[in-house]
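# A look at the structure
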Amino acid sequence: MLTLVPTPIGNIGDISLRAIEALSSADTLLCEDTRVTKKLIHILKERYNTSFKSEQNFISLHSHNEKEFIEKLSVSFFEQNVIYVSDAGMPGISDPGQLLVKYCQDNNIPYDVMPGANALLTAFVASGFVETKMLFWGFLPHKGKDRDASLQGALNSGFTTILYESPHRLDKLLNELSH
């Protein structure tokens, strides 16, 4: 079975009890970054005195290897308790995870998606916008004409539009928006 587990966006106290239980009982953890997930588990062990299986397998699964990883999967891989976590937030929302869900659907593998941390919805609610229609744009391309076209599409969508940007490109985005 596969379970997609959201992780806190910034405050470790936002993790759910279900997420902690899922992480602690995992046989294999598919991780956007194994270092980040191991650090999270270390914090959970210390802060919440949580016991984890002694033999957990950590496998890196990120945007650069997701397609190749899934092409090599066998259905038997999911006979164990498999968890997927991204570094922060909800797997599958501008993070890997959707191809895993599609694989499970195509191969009749049971899966679950736990509710939890999601920067998109948190930002929308915090904005105070009254309009309930919105468009989630995700990440803009890094540069060039594709970025310009995508940014114009987001700005001219006619909806309240939320997009993601990495911290090291935030100044660039703010400059683009001011012109």
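The model shown is predicted, which means the values in this text are computed figures rather than measured ones. (Residues numbered from 1 in each chain as written. Predicted model: local features only at pLDDT ≥ 70, side-chain atom pairs only at ≥ 80, totals over all residues. Heavy atoms only, no water.)

Quick look at the pairing of strand 4 (residues 82-85) now. Regular strands have side chains that alternate between both faces of the sheet. In strand 4, alternate side chains face the same way, and those of Val82 and Tyr84 on one face and Ile83 and Val85 on the other are all buried. As paired strands, strand 1 (residues 2-4) and strand 4 are joined by 3 bridges and run parallel to one another. From the neighbouring strand, leucine 4 faces strand 4, where its bridge partner is tyrosine 84. Here strand 2 (residues 28-31) runs beside strand 4; their pairing, made up of 4 bridges, is parallel. Bridged to leucine 29 within strand 4 is isoleucine 83. (Buried < 20%, exposed > 50% of the residue type's maximum accessible area, 1.4 Å probe, protein only. Helix = DSSP H or I, 4+ residues; strand = E, 2+ residues; numbered from the N terminus. Pairing = 2+ DSSP bridges.)

Another aspect to go through is the pattern of salt bridges. Any two side chains of opposite charge can pair, given that their charged atoms come close. One pass over the full model with this rule turns up 7 salt bridges. For glutamate 165, the salt bridge identified is with arginine 147, shortest N-O distance 2.7 Å. With a gap of 18 residues between them, glutamate 165 in the loop between strand 7 (160-164) and helix 7 (170-178) and arginine 147 in helix 6 (residues 144-155) connect regions that are remote in the sequence. The exposure class assigned to glutamate 165 is buried, which follows from its relative accessible area of 16%. (Salt bridge = Lys/Arg side-chain N within 4 Å of Asp/Glu carboxyl O.)

This next bit is on a nonpolar patch on the surface. The grouping of Leu155, Leu170, Leu174 and Leu177 at the surface amounts to a nonpolar patch, some 350 Å² of accessible area in total. With 3 residues, the top contributor of residues to the nonpolar patch is helix 7. By the secondary structure assignment, leucine 155 is in helix 6. Using a relative accessible area of 48% as the deciding quantity, one classes leucine 155 as partly exposed. (Patch = residues over 30% accessible without salt bridge, like charges linked within 9 Å, V, L, I, M, F, W, Y side chains within 5 Å. Areas by Shrake-Rupley, 256 points an atom, 1.4 Å probe, with all protein chains shown as cover.)

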